[in-house]
Amino acid sequence: MPRASSILAATTLAGIAASVWLFLDNRSLRAELSDRPIPALADAPKPVDKPPSIAPKPSAPATSVAERPSLPATKDESRMERRQRRTEELGATFGRLEGETDAEYRARVMPMVTLGLVTQRLKLAEMRRVAEEKAKITPAQSAELDKAFAKVYDEAIDYTNKAIGDGQLSPYERNVAGWLDYAGGLGGILTNANGQIGKILDPGQQKAMSEAGFEWGEYLGVNAPWENLKPPPPRPK
């Protein structure tokens, strides 16, 4: 497996994982803020009526301002504790709940996957449009590319489903060795797409798109229909 293929797949997985972690971190932050009590505001002193001019009364002593309540102390997490907590959050969010059907899992999880990738997909779609204009790629060529990519996506999804079913990719544990092995195979699938691209675009067009800063491997990795993945097996007991 070429080293570039592994780097490409690892970068793609890192982008997808980053989207997942951003979702989890934002959710944790919102939960933490919602659990904190709202500091009580000190009652404003009541306005004092102006005393009659003929018989002024001594002014009342100033009302003291209530002390600002302190927030509850939070326990500092070590790096290992934070890693363990996030692994548990990952399993609770993307693992199969007890008794959960495939349809229920998809309805719960897949919208989050789409939400995590939508920004990057829109960004890469615009980059592709600009690069294709610079490379003078025709609409017919662009449609032919999309048709070829459909087969690449099918292969990537089938490969990933097998890795999930075999436990190589698991939301319940940190299997770094398995992730890297999976990344190498995914890199090979994405790299093989270059052969299909070479049958549609001439070398000058491919060079023009590359010089425009566009990378097909990144585009394919983000735009694969990860929403079509099969749910993972139940959590091991």
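About the cut-offs
- Residues numbered from 1 in each chain as written.
- Predicted model: local features only at pLDDT ≥ 70, side-chain atom pairs only at ≥ 80, totals over all residues.
- Heavy atoms only, no water.
- Axes fitted to C-alpha atoms, helices over the stretch in contact; angles between N-to-C directions.
- Helix = DSSP H or I, 4+ residues; strand = E, 2+ residues; numbered from the N terminus.
- Parallel < 35°, antiparallel > 145°, perpendicular 65-115°, else oblique.
- Contact = heavy atoms within 4.5 Å.
- Nonpolar A, V, L, I, M, F, W, Y, C, P; charged D, E, K, R; others polar.
- Patch = residues over 30% accessible without salt bridge, like charges linked within 9 Å, V, L, I, M, F, W, Y side chains within 5 Å.
- Areas by Shrake-Rupley, 256 points an atom, 1.4 Å probe, with all protein chains shown as cover.
- Salt bridge = Lys/Arg side-chain N within 4 Å of Asp/Glu carboxyl O.
- Lys, Arg positive; Asp, Glu negative; His and termini not counted.
- Charge placed at Lys NZ, Arg CZ, Asp CG, Glu CD.
- Buried < 20%, exposed > 50% of the residue type's maximum accessible area, 1.4 Å probe, protein only.
- Bend = angle between axes of the 7 residues up to and from the residue.

1. Brief notes about the packing of helix α2 (residues 79–94) against helix α3 (residues 102–134)
The N-to-C vectors of α2 and α3 enclose an angle of 120°; their axes lie 9 Å apart at closest approach. Compared by their axis directions, α2 and α3 come out oblique. Here Ala92, Thr93 and Phe94 of α2 come into contact with α3, specifically with Tyr105, Arg108, Val109, Met112 and Val113. Of the residues in the contact of α2 with α3, the class split is 6 nonpolar, 1 polar and 1 charged.

2. Regarding unusual backbone geometry
Unlike most non-glycine residues, Lys136 shows phi in positive territory, near 55°. Here Lys136 is to be found in the loop between α3 and α4 (139–165).

3. What to know about a positive patch on the surface
Together, Arg79, Arg82, Arg83 and Arg174 line one region of the surface with positive charge. Among the secondary structure elements, Arg82 is positioned in helix α2.

4. A few points about the pattern of salt bridges
For the structure on display, the rule yields 10 salt bridges. Among the ionic pairs, Asp102 bridges to Arg96, the shortest N-O distance being 3.0 Å. In this structure Asp102 comes out as partly exposed when scored by relative accessible area, which is 40%. Residue classification places Arg96 among the buried residues on the basis of a relative accessible area of 18%. The salt bridge involving Glu100 is made with Arg108; its shortest N-O contact spans 2.8 Å.

5. Focus on α3
Of all the bends in α3, the largest measures some 40° and sits at Leu117. Looking at α3, one finds that the buried residues are Tyr105, Val109, Met110, Met112, Val113, Leu117, Arg121, Leu124, Arg128, Ala131 and Glu132.

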